[in-house]
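# Structural features, examined
As a plain string of letters, each chain reads:
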Amino acid sequence: MLPFLAPLMLAGLAAAAIPPIVHLLNRRRFDVVDWGAMQFLQISETTRRRLMIEEVLLMALRMFLIIVMVLALAGPFLEGFVFSKAKANRDVVLIFDGSYSMGYTGTGPSSHEAAKEWALEFVNELSAGDTVAVLVARQQVDPILGEPTHDLERVRTAIQKLPDPAGGADWPRAIEAARDILAKKSQRPQRDIIVISDGQRYTWSDDTTMLGWHMLANQLRDQRAVQPAIWVVNIDPQRPDNPPNWSMVPVRSSRAVAGKDREITFRTALELRGQEYKPPYKLRLEVDGQKLRDLTPPSNAKLEKGQVPFSFTHKFATPGSHLVSVIVEPDPPQDQRPPGYVIKDHLPGDNRQDFAVEVVAALPVLLVDGDARPVSPSETKPRERGTDFLLKALAPSRDPSPVVLAKVVPIQDFKPDQLTHDLGKEPGTKPRVLVLSNVARLTNDQEEAVARFLNDGGGVLVTLGERVEPKYYNEQLHRSGQGWLPARLEDMTGDESEPTRAVSPLASSFFHPALDLFREETFGGLSAARFPRWWKVTTPGRGSAALPVALLTSNDPLLVERPFLNGRVLLATVPLDGSWRTNLPTLPAFPPLAHELVYYLAGARSARHNLQPGQVLRYQPTVEHAPGPLVLQPPQGEAKKLTAEQWPFDYRETRETGVYRLESDGRTSYYVVQPDARESSLVSCTQEDRDKVSKLVPMRYENERSELALALVQSTQRQELWLWFLIGVIGLLCVEVFLTRRIALNR
Amino acid sequence: MPANSFQFDPTSLSKYGRLSMMARTVVEGFLTGIHKSPYKGFSVEFAEHRQYYPGDEIRHIDWRVYGKTGRYYIKEYEEETNLKAHILVDASGSMGYTGAHISKFQYAQYIAASLSYLMLHQLDAVGLVTHDTKVRNIIPPKTSSKHLLRLLHTLESTQPGGETSMAPLWHELAGQFKRRGMVIILSDCFDQLPGLVRALRHFRFRRHEVLLFHIVAPEEIDFPFKKWTQFRNLEVRDHKLLVDPQQLRKEYKKNFDAFCKQLREQTGRMQIDYHLMRTDEPVDKALGIYLTKRQGRR
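From a predicted model like this one, the values you see are computed outputs, not experimental measurements. (Residues numbered from 1 in each chain as written. Chains lettered and ligands numbered in written order. Predicted model: local features only at pLDDT ≥ 70, side-chain atom pairs only at ≥ 80, totals over all residues. Heavy atoms only, no water.)

### Some thoughts on helix α5 (residues 166-176) of chain B
- Buried residues of α5 of chain B: Met166, Ala167, Leu169, Trp170, Leu173, Ala174 and Gly175 of chain B, and no others.
- Buried residues along α5 of chain B sit in contact with β3 (84-90), β4 (125-131), β5 (135-142), β6 (182-187) and α6 (193-205) of chain B. (Buried < 20%, exposed > 50% of the residue type's maximum accessible area, 1.4 Å probe, protein only. Helix = DSSP H or I, 4+ residues; strand = E, 2+ residues; numbered from the N terminus. Contact = heavy atoms within 4.5 Å.)

See the structure below:
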């Protein structure tokens, strides 16, 4: 079948039915005349046959005319060398592998440099009139030259200035983006996508990527546009199948928000491939881009799934945004290497991991106490409240510099603006966490304020108790799973007069990060808590965002969590005070539990500092100041001067992985776009892997540029035929006019 | 009242007064335009006086007038006719065709009525035959003035319908019209030409003078239809033909013109006065033709 540049136009072939339809319509819409001279209407058989032939001929001619016109518009072409009289122009999209595996130097200069050199020579061989677009395949496709250009010098410059490899690559999306560019911008039948990669298996034919190829193949099946030829060049064919490599596993911290001068633990691991573990030459810790100290790598550790995990602690002396970086140097510098030294690592791009952490002087927490009884004149000293337990646990009065700035307000004094104003005298102490302790119900204003607070990234801890009105909670706050309350309240259960039948937290259910400390059953630990009475709740079930994150021994939920808008909500089904004769506040685990819960809830906003590629970078100043100029330093290239017109300020160009440093009003905020750690696996594609992909999305693997150039010329020479079809249309039009006039003259 | 019927108010006439009124209007209007009637002769009925000129027969001088005026005047009398005319009106279905003008049958009615009026006015005997394939009405020729009412009544009560096959009928009528006279045929002649010609020849064989008014509608001549059209036969029920008239026009006109040409030629050879009458032409044209013919007869 004849291929077409714009096969969608073939739908116009339906227009060929117009002449017969018009004929039939004319036959259906006729006049009726009572006629006497019938004998003169009787025509001879010869004449009748002649008229019919004329009519059929004319109709067929008109139909053919429409068909040829539609075919001309659909852009027919023929493929094959014999049809080309000269070297035809082509539209090319070059896709460079932008993942950090392209930084591999085991076989000479880095694959990235080799790819640039290959591409420059390829561009030199292109003809005047050819167009080139340049993409970099990363976790998000980076359009270096998003539109095909004839200016080959511009292409060369773009290739020379390609950003250094970093992060991973999403090949199916990159190919899809290239196809989109060609489909929208190219009018030529000669369309080529040249993939310049290092032949790595991961991101090409691993299971996740294969899903992407399947989806792309499905799209291709539905599209009838001219399919560009896809050529895959392995720029580093000499690379061993599984070269040795060292890499760092992404850093994680116990808390997303750290307290000033408080020790915080970071966990990471060294990952090794193709070799046994020997301590690296150096393991460096940097904070805010400054070398802090060398970490002591584990010695003689055994690999666990190819990894050597380790942790380190650090205290931040100043509040604000901080960057923690861990860099491994497996090999000594070249001048310090002994003769015959075998290099352990040829891929430096994965030897560093960054993590952004937020440090606060004291975490502002607003505790709302549900005891709404009016203070009587006979009360001479402040009434003891349930929230006092939490207050003492979070900010003990004898602690001169507590890590939590807590304030208690009775429910009747809880005003919406308390959530948007500083708790203390210091600026930047707006509540990060709200605790609703045994609150019967909220007013409408309070309800709306809590929803706004969550939308701003706040955390809410709801503790249940005697006063809680289940009907109100279910109808107004839970709303069958539509509200922010994670679970539906059923009824209070247990009997506080029977402490022997009390339930305890189930330690084996503690997988939540806030409960990391309590996994081990220790004396005085969380699992030693007794709850003679508790609330039975039901969660919406599978598919819901709300999940029980800790259970009681009765298998009822102890804690239910739900992310809501930009914030987090935790629901405790037991009171976090001394009511119902629980022993929880007396346990040594209670203060750490209170701290862990509020710090976890405060981390909703901080999580936005460690992003995935393409995720929006959102900056919200902790200390209020007018929107204005900002300076953003991306991972590569020069700093960008930006202007915020309002808070929060959103920045969307986060394709590159690495550290983004944003400065505003003299404060620095760090954001880390996390690279794909699996890119460190340098296992090469096998022929089977390549075939698997090319079976789904037709492509040819060709490593030699000269052979590729020849194959390009031989296989994709196409001759456009629209001009011939157009001439045919004009010819048919002339014949139609002639025939019509002749018939009309005969009548 | 039918749409195409004559529009004069008939109240002053009898109930058959429509055709009568029309005929009188047409004929008198026609005669008013003639300054000197060439049809006056010396018959039993006085017509008028005129001055004597040498060469006039003396016996025609009115001596009474001479006695009164002392001048010679000649008495002129209307000629007593011995003409018997038969008007044959085709009332077949095809005559019912109505295009942009009145139907062919109505046109034939007007001509027949006008001729009857005129002929009776001139004391010619007029008879009438209306027919399709069969004779519907036959009225023998008479000269009485009351005869006109009968003729008009018959004309007016006739509706077109039925098939046309005139040849056998005309043969039959030619046999019935014993005495030599004039046969005036008002028909569209939509029949097989050879049979038609044979029938006309039969009239001529009987030494009748034949005046053939071939009545056609302009649409039948010009065939002006453009859109696809279903032609329903006026004579044969359920006979329909769906055609593209633009395709057929040339062929139709060729057929029609050939028919008219042959008819004219054949009638010419038989010394039959053939006149193609279009329904968009004035009826009095037929009267002129008749009078010319009548004069030639004298």
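Here the narrative resumes, following the displayed structure.
### Brief notes about a nonpolar patch on the surface
- A grouping of Trp722, Leu723, Trp724, Leu726, Ile727 and Ile730 of chain A is seen on the molecular surface, where their side chains present a nonpolar patch of about 630 Å² in accessible area.
- Tracing the sequence through the fold places Trp722 of chain A in helix α13 (residues 722-746). (Patch = residues over 30% accessible without salt bridge, like charges linked within 9 Å, V, L, I, M, F, W, Y side chains within 5 Å. Areas by Shrake-Rupley, 256 points an atom, 1.4 Å probe, with all protein chains shown as cover. Salt bridge = Lys/Arg side-chain N within 4 Å of Asp/Glu carboxyl O.)

### Points about the domain arrangement of chain A
- The domain architecture assigned to chain A consists of domain 1 (7-30 + 46-76 + 722-746), domain 2 (87-240 + 684-718), domain 3 (245-360), domain 4 (363-373 + 384-608) and domain 5 (612-673).
- Taking only C-alpha atoms into account, the centre of domain 2 of chain A sits 53 Å from that of domain 4 of chain A. (Domains from an automatic or database assignment.)

### Let's talk about the side chain of Gln275 of chain A
All names here are of chain A.
- In this structure, Gln275 sits in the loop between β11 (263-273) and β12 (282-287).
- Accessibility expressed as a relative area gives 18% for Gln275, which makes it buried.
- Within the local environment of Gln275, its side chain forms a polar contact with the side chain of Trp246, the two groups lying 2.9 Å apart.
- Dropping the residues within four chain positions of it, Gln275 is found in contact with Pro244, Asn245, Trp246, Leu303 and Lys344. (Polar contact = N/O pair within 3.5 Å; in protein donor to acceptor, adjacent residues only side chain to side chain.)

### Quick look at helix α3 (residues 104-121) of chain B
- In this model, α3 of chain B (18 residues) spans 25 Å end to end at C-alpha, consistent with the 26 Å of a helix rising 1.5 Å per residue.
- Leu123 of chain B sits one or two positions beyond α3 of chain B and adopts a positive phi of about 70 degrees. (Expected span 1.5 Å × (residues − 1).)

### What to know about the interface of chain B and chain A
- At the interface, 29 residues of chain B touch 24 residues of chain A.
- Of the roughly 2900 Å² buried between chain B and chain A, counting both surfaces, carbon and sulfur atoms make up 63%.
- The three residues of chain B that bury the most area against chain A are Trp228, Arg232 and Gln247 of chain B, which together make up 25% of that side's buried surface.
- The tally of links from chain B across to chain A stands at two salt bridges.
- Across the salt bridge formed by Asp31 of chain A and Lys227 of chain B, the nearest N and O atoms sit 3.7 Å from each other.
- For the pair chain B and chain A, the interface holds 11 residue pairs in polar contact (both at pLDDT 80 or more).
- Broken down by secondary-structure element, the contributors of at least two residues to the side of chain B that touches chain A are α7 (218-222), β8 (229-233), β9 (240-243) and α8 (245-269) of chain B.
- At nine residues, the largest contribution of residues to the side of chain B that touches chain A is made by α8 of chain B.
- Its residues assigned to classes, the side of chain B that touches chain A shows 13 nonpolar, eight polar and eight charged. (Buried area = accessible area lost by both parts, 1.4 Å probe. Nonpolar A, V, L, I, M, F, W, Y, C, P; charged D, E, K, R; others polar.)

### So, the nonpolar core
- In terms of nonpolar packing, the biggest core is built from 47 residues, with Trp35 of chain A together with Trp170 and Phe203 of chain B touching the most fellow members.
- Those elements giving two or more residues to this core turn out to be β1 (31-35) of chain A together with α5, β6, α6, β7 (209-216), β9 and α8 of chain B.
- The residues contacting Trp35 of chain A, other than those within four sequence positions of it, are Leu41 of chain A together with Tyr97, Glu219, Glu220, Phe223, Phe225, Phe231, Arg232, Asn233, Leu234 and Tyr252 of chain B.
- By size, the runner-up hydrophobic cluster in this structure holds 46 residues, among which are Ala507, Ala550, Leu552 and Leu593 of chain A. (Core = buried A, V, L, I, M, F, W, Y, C linked by side-chain atoms within 4.5 Å.)

### Digging into the packing of aromatic side chains
- Applying the stated criterion across every chain, the model contains 31 aromatic pairs over all chains.
- Ring centres 5.0 Å apart and planes at 80 degrees place the aromatic pair Trp35 of chain A and Tyr97 of chain B in the edge-to-face group. Remark: Tyr97 of chain B occurs in the loop between β3 and α3 and Trp35 of chain A occurs in strand β1; the pair is interchain, linking two chains.
- One aromatic cluster in this structure is built from Trp35 and Phe40 of chain A together with Tyr97, Phe190, Phe223, Phe225, Phe231, Tyr252, Phe256 and Phe259 of chain B.
- For Arg568 of chain A, the ring lying beneath its charged end belongs to Tyr600 of chain A, and the centroid distance is 4.3 Å. (Phe/Tyr/Trp six-rings, centres within 6.5 Å; stacked < 30°, edge-to-face > 60°. Lys NZ or Arg CZ within 6 Å of the ring centre and 35° of its normal.)

### Digging into the sheet that holds β9 of chain B
- Overall, mixed pairing links the three strands, which are arranged β1(A)-β8(B)-β9(B) in an open sheet. At either end of the open sheet lies a strand with only one pairing partner, and these are β1 of chain A together with β9 of chain B. Strand-to-strand twist in this sheet, taken as the mean axis angle between neighbours without regard to direction, amounts to 25 degrees. (Pairing = 2+ DSSP bridges. Axes fitted to C-alpha atoms, helices over the stretch in contact; angles between N-to-C directions.)

### Points about the pattern of salt bridges
Residues and elements named next belong to chain A.
- Within the structure shown, the criterion is met by 44 salt bridges over all chains.
- Among the salt bridges present, the one from Arg652 reaches Asp650, with a minimum N-O distance of 3.8 Å.
- Assessed through its relative accessible area of 54%, Arg652 is described here as exposed.
- Asp676 serves as the salt-bridge partner of Arg678, at 3.4 Å between the closest nitrogen and oxygen.
- What makes Arg678 partly exposed here is its relative accessible area of 46%.
- Of the residues examined, Asp676 reaches a relative accessible area of 13% and is grouped as buried.

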